Amino acid sequence: MNKWFFLSMLLVLRVGLAKESIYTVGVENLPFLPYSQVKDKQYIGILREILDEFGQQENITFRYEALPITRLYARFFAGKIDFKMPANKYWQKSIKDKRNLLISYSSPLVHFLDGVMVQKPNANATLEMMKRIGIVSGFTPAQQYLQRTKDKKLVMRENPSIRGLLEQTLLGRLDGAYVNIYVAEHFLREALQKPDELVFSKKLPYVKGDYHIATLKHQALIKKINKYLIESAAKINNLKKKYGIR
């Protein structure tokens, strides 16, 4: 075999492999630190750090496509992106069941705590006292809030901005903001510089859960991610401390 022909074929093979090692990850175009945020056109936060660490280990490149939540779901369900992050099997469940989508989820990347931030004097308020609660557009609250909304005992106001929800709660226009607690604390501390004026109400229904990465196409890669998460548990715990996730 001609030496130059062999070298050219090797180059073609390497190019092909490089193409196969690049995956598109659909992410939320939403300020959501410490988990994620698009800043100066760069996707940052603990979710990216975890996935990029895995990618470096496996010689894989992840490209992040930041989209509004509703559009992100539409593209993911249509199979137009390789992965969605964060993901959770309970989100948009009725739509997934209706379409009979076979989605593979990784083991937990990092945990979350969703609940209601209220003004300090209202820390012990009960659910029956809540009349107006804000929620991020496209998010799903705990079932208790949905039921009270259905019974017309609670008004659920959507807002695309977590910051907007917190500001409305600070002004008393909302009784509370149903958000990720760690994200809310980050906003109050870093952006609004009012770290102690809103608090997480443990008296109101809240949800603990995990963020995953999900795919319709690459089940084998999910298995590799799961293996990495086990082997790198100590490193990931250090990242959680760095980002203030308790």
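Residues numbered from 1 in each chain as written. Predicted model: local features only at pLDDT ≥ 70, side-chain atom pairs only at ≥ 80, totals over all residues. Heavy atoms only, no water.

Draft legend 1. Representation of the environment of Arg246 within the structure. Structurally, Arg246 can be placed in the segment after helix H9 (233–243). Put simply, Arg246 and Pro195 are 51 residues apart on the chain and 16 Å apart in space, counted from C-alpha to C-alpha. Look past the residues within four positions of Arg246 in its chain and what remains in contact with it is His111, Tyr182 and Glu185. Within the local environment of Arg246, its side chain forms a polar contact with the side chain of Glu185, the two groups lying 3.1 Å apart. (Helix = DSSP H or I, 4+ residues; strand = E, 2+ residues; numbered from the N terminus. Contact = heavy atoms within 4.5 Å. Polar contact = N/O pair within 3.5 Å; in protein donor to acceptor, adjacent residues only side chain to side chain.)

Draft legend 2. Seen up close, the pattern of salt bridges. Across all of its chains, the model carries 12 salt bridges by this definition. One salt bridge in this structure joins Arg75 and Glu65, with 3.1 Å as the shortest N-O distance. Of the two residues, Arg75 is situated in helix H3 (residues 69–77) and Glu65 in strand E4 (residues 61–67); the sequence distance between them amounts to 10 residues. Since its relative accessible area comes to 22%, Glu65 is described here as partly exposed. With a closest N to O distance of 3.3 Å, Asp175 and Arg132 form a salt bridge. With Asp175 in the loop between helix H6 (162–170) and strand E10 (176–180) and Arg132 in strand E8 (residues 132–136), the pair connects residues that are 43 residues apart, well separated along the chain. (Salt bridge = Lys/Arg side-chain N within 4 Å of Asp/Glu carboxyl O. Buried < 20%, exposed > 50% of the residue type's maximum accessible area, 1.4 Å probe, protein only.)

Draft legend 3. Region of the structure containing the side chain of Glu28. Relative to the helices and strands, Glu28 resides in strand E1 (residues 22–28). Of the buried charged residues, Glu28 lacks a salt bridge, with Lys84 as the closest side chain of opposite charge at 4.4 Å. Filtering out sequence-adjacent residues up to four positions away, Glu28 remains in contact with Leu67, Ile69, Leu72, Lys84, Met85, Pro86 and Phe139. (Lys, Arg positive; Asp, Glu negative; His and termini not counted.)

Draft legend 4. Just the packing of aromatic side chains, in detail. Under the counting rule described, the total for this entry stands at 17 aromatic pairs. Feature note: the residues Phe32, Tyr35, Trp91, Phe112, Phe139 and Tyr211 constitute an aromatic cluster, connected by ring pairs. Taking NZ or CZ as reference, Lys84 lies 4.5 Å from the ring centre of Tyr73, over its face. (Phe/Tyr/Trp six-rings, centres within 6.5 Å; stacked < 30°, edge-to-face > 60°. Lys NZ or Arg CZ within 6 Å of the ring centre and 35° of its normal.)

Draft legend 5. Expanded view of helix H7 (residues 181–191). Among all positions of H7, only Ile181, Tyr182, Val183, Ala184, His186, Phe187 and Leu188 are buried. Taken together, the buried residues of H7 touch strand E7 (110–119), H6, E10 and strand E11 (198–200). Where H7 begins, the side chain of Asn180 points an oxygen toward the backbone nitrogen of Tyr182, at a separation of 3.0 Å. Just past H7, the residue Gln193 takes up positive phi, approximately 55°.

Draft legend 6. Quick look at the nonpolar core. Among the nonpolar cores identified, the biggest contains 61 residues, and Tyr35 and Leu166 are the most heavily contacted of them. In terms of residue count, H7 provides more of this core than any other element does, 6 residues in total. Those residues in contact with Tyr35 that sit more than four places away from it in its chain are Ile44, Gly45, Ile46, Leu47, Val110, His111, Phe112, Asn180, Tyr182, Val183, Tyr211 and Ile245. (Core = buried A, V, L, I, M, F, W, Y, C linked by side-chain atoms within 4.5 Å.)

Draft legend 7. Seen up close, the confidence of the model for the chain. Taken over all residues, the pLDDT of the chain has a mean of 91, while the share at 70 or more is 92%. Element-level mean pLDDT values for the chain span from 49 in helix H1 (residues 3–20) up to 98 in strand E6 (residues 104–105). (pLDDT = per-residue confidence, 0-100.)

Draft legend 8. Structural context of the pairing of E7. The buried fraction of E7 is high, at 8 of 10 residues. Here 5 bridges tie E7 to strand E12 (residues 207–215), and the two strands are oriented antiparallel to one another. Within E12, the position partnered with Phe112 by the bridge is Gly209. Here 4 bridges tie E7 to E10, and the two strands are oriented antiparallel to one another. Note on E10: the bridge partner recorded for Met117 is Ala177. Relative to E11, E7 runs antiparallel, the two sharing 3 bridges. The residue of E11 that forms the bridge with Val118 is Val199. (Pairing = 2+ DSSP bridges.)

Draft legend 9. View of the packing of helix H2 (residues 46–58) against H9. Their axes nearest at 10 Å, the elements H2 and H9 cross at an angle of 155°. By the angle class used here, H2 and H9 are roughly antiparallel. Note that H2 runs across H9; the crossing there is right-handed. For the pair H2 and H9, contact is made by Ile46, Glu49, Ile50 and Glu53 and by Lys235, Ile236, Leu239, Lys240, Lys242 and Tyr243, respectively. Residue composition of the contact of H2 with H9, grouped by class: 5 nonpolar, no polar and 5 charged. (Axes fitted to C-alpha atoms, helices over the stretch in contact; angles between N-to-C directions. Parallel < 35°, antiparallel > 145°, perpendicular 65-115°, else oblique. Left-handed = near helix turned anticlockwise from the far one by under 90°. Nonpolar A, V, L, I, M, F, W, Y, C, P; charged D, E, K, R; others polar.)

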